Amino acid sequence: IPFHIVEGTVADVRVPQNATRSLLPYLQQENIQYTILISDLQQAIENQTGGRSHRNRRSLSGYNYEVYHSLEEIEDWMHYLNRTFSDLVHMFSVGKSYEGRPLYVLKLGKRSRPYKKAVWIDCGIHAREWIGPAFCQWFVKEALQTYQTDPDMRKMLTQLYFYIMPVFNVDGYSFSWTNDRFWRKTRSKNTRFHCHGVDANRNWKVKWCDEGASLHPCDDTYCGPFPESEPEVKAVAHFLRKHRKQIKAYLSFHAYAQMLLYPYSYKYATIPNFNCVESAAYNAVNALQSAYGVRYRYGPASSTLYVSSGSSMDWAYKNGIPYAFAFELRDTGHFGFLLPEMLIKPTCTETMLAVKNITLHLLKKCN
């Protein structure tokens, strides 16, 4: 059996169909409890990427926010919004990826005054977490569709700018559509080992490559040869540093676990503005739960999820952004990274309530 399962833990294992016959008796013999979550993984993957033409993915005026979109479709959509909603949307690039793709960001907000505070939102640092980019697109849709009718949204777009990066790890995301649905890292090449990619959420200059990150280039949590080695991380870090006085909140969207996390990730310690951040998190998860009753756990990332060093959230906080959060969206493991498209709408609807809650909290003074 080519894997370890540590006693007292749960592991997700992908098994080739021809190996199931030998694996199941082994698990029974070793008294290892198991549940088959997805009986045909290949079919589940094809359900998300196949049969695309009839689902009106490409029509921009009738853009379907309840299906997953390829990188090309997302970029076409961004260009379309930039042309169509020029009073509220400004699209720009913060740099280029390892494979030379532009790193697009949408700046959303009413040009109501020369200086406004801002919120940064990124999705898709990890390629296989497709619900992330789906949420970033949903957020933009909601902002543009409800700006006229929803007083909260009007307040948000009038008083703040939102910098939204729907796909942070563009090379990895594209690769997860074409080659490996479970790809996580970037696609940079390592010369000594024939392994690609760095974990873009272990590559930031904050306690870099300490606990929860790996020095081995073939590992999923490889921290890279040095901090900001990945052009994607370097470009975003440069943009955030340049605008650090303006940006008051950093929100990063991941999957899966149903959690709302705040610093620190790299150590067990209480942040200086704990009371303000904790009350924002508490209110946000309650707002989220009000939609469908889905309960999110919340707390410092190190004690709520696990210790990890070199994360974007910790870096943002250490660089003076007072509200830094990482969302782990649905679910808790049944579908995992293969969250079905029918769950995009409820997931995004409830998450939208949490994000609006955090944003409105920002606009109030917290002592």
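Bear in mind the structure is a predicted one, so any value in this text is a computation, not a measurement.

Caption draft 1: Summary view of the sheet that holds strand β5 (residues 247–255). Spatial strand order, β1-β2-β4-β3-β5-β8-β6-β7: 8 strands in an open sheet with mixed pairing. Because the sheet does not close on itself, it has two edges, and the strands there are β1 (89–96) and β7 (297–300). Neighbour-to-neighbour, the strand axes of this sheet turn through a mean angle of 20°, independent of strand direction. In the sheet, β5 pairs with strand β8 (residues 323–329) via 7 bridges, with the strands oriented parallel. Opposite H254, over in β8, you have E328 as the bridge partner. In the packing of helix α8 (residues 274–292) onto the sheet, the strands contacted are β6 (259–262), β7 and β8, and the crossing angle to β6 comes to about 170°. Each of β3 (117–123), β4 (160–165), β5, β6 and β8 touches helix α11 (residues 344–362); the most contacted strand, β8, lies at about 170° to it.

Caption draft 2: Highlighting the nonpolar core. Residues L108, W120, I121, F139, F162 and F325 are the most contacted members of the largest nonpolar core, which totals 103 residues. Among the elements that make up this core, the one with the highest residue count is helix α4 (residues 131–146) (9 residues). Listed in part, the 5 residues of the second largest apolar core include A44, I45, F337 and L338.

Caption draft 3: Highlighting the packing of aromatic side chains. Taken as a whole and judged by the stated rule, the model has 24 aromatic pairs. Each ring, one from F168 and one from W204, has its centre 6.3 Å from the other, and the planes form 45°; the classification is tilted. Of the two residues, F168 is situated in the loop between β4 and α6 (170–178) and W204 in the loop between α6 and α7 (231–242); the sequence distance between them amounts to 36 residues. Taken individually, F168 and W204 each receive the classification buried, so the pair is uniform in this respect. Grouped by ring-pair contacts, the aromatic residues F135, F139, F162, F253 and F327 constitute a single cluster. In this arrangement the basic side chain of K107 is found over the ring face of Y161, its NZ or CZ atom lying 4.1 Å from the centre.

Caption draft 4: A look at the UniProt feature "active site" (unreviewed entry) in the protein chain. UniProt tags E328 as "active site" (unreviewed entry). E328 sits in the buried class, given a relative accessible area of 10%. Setting aside anything within four residues of it in sequence, one finds E328 in contact with H254, A255, Y256, A257, Q258, M259, L261, Y296 and L305.

Caption draft 5: Molecular detail of the UniProt feature "domain: Peptidase M14" (unreviewed entry) in the protein chain. Mapped onto this numbering, the UniProt entry gives "domain: Peptidase M14" (unreviewed entry) at residues 67–362. Note that residues 67–362 is 37% helix and 18% strand, and that its end C-alpha atoms are spaced 31 Å apart.

Caption draft 6: The state of the cysteines, seen in detail. The final tally for this structure, using the stated rule, is 4 disulfides. The disulfide partner of C123 is C136, and the S-S distance across this bridge is 2.1 Å. Taking the sign of the S-S torsion, 85° for the link of C123 and C136, the bridge is right-handed. Taken together, the positions of C123 in strand β3 and C136 in helix α4 put the pair 13 residues apart, joining distant regions of the chain. Each of the two residues, C123 as well as C136, counts as buried.

Rules used in this analysis
- Residues numbered from 1 in each chain as written.
- Predicted model: local features only at pLDDT ≥ 70, side-chain atom pairs only at ≥ 80, totals over all residues.
- Heavy atoms only, no water.
- Pairing = 2+ DSSP bridges.
- Helix = DSSP H or I, 4+ residues; strand = E, 2+ residues; numbered from the N terminus.
- Axes fitted to C-alpha atoms, helices over the stretch in contact; angles between N-to-C directions.
- Contact = heavy atoms within 4.5 Å.
- Core = buried A, V, L, I, M, F, W, Y, C linked by side-chain atoms within 4.5 Å.
- Buried < 20%, exposed > 50% of the residue type's maximum accessible area, 1.4 Å probe, protein only.
- Phe/Tyr/Trp six-rings, centres within 6.5 Å; stacked < 30°, edge-to-face > 60°.
- Lys NZ or Arg CZ within 6 Å of the ring centre and 35° of its normal.
- UniProt positions renumbered as here; feature names shortened; annotations may be inferred.
- Disulfide = S-S within 2.5 Å.

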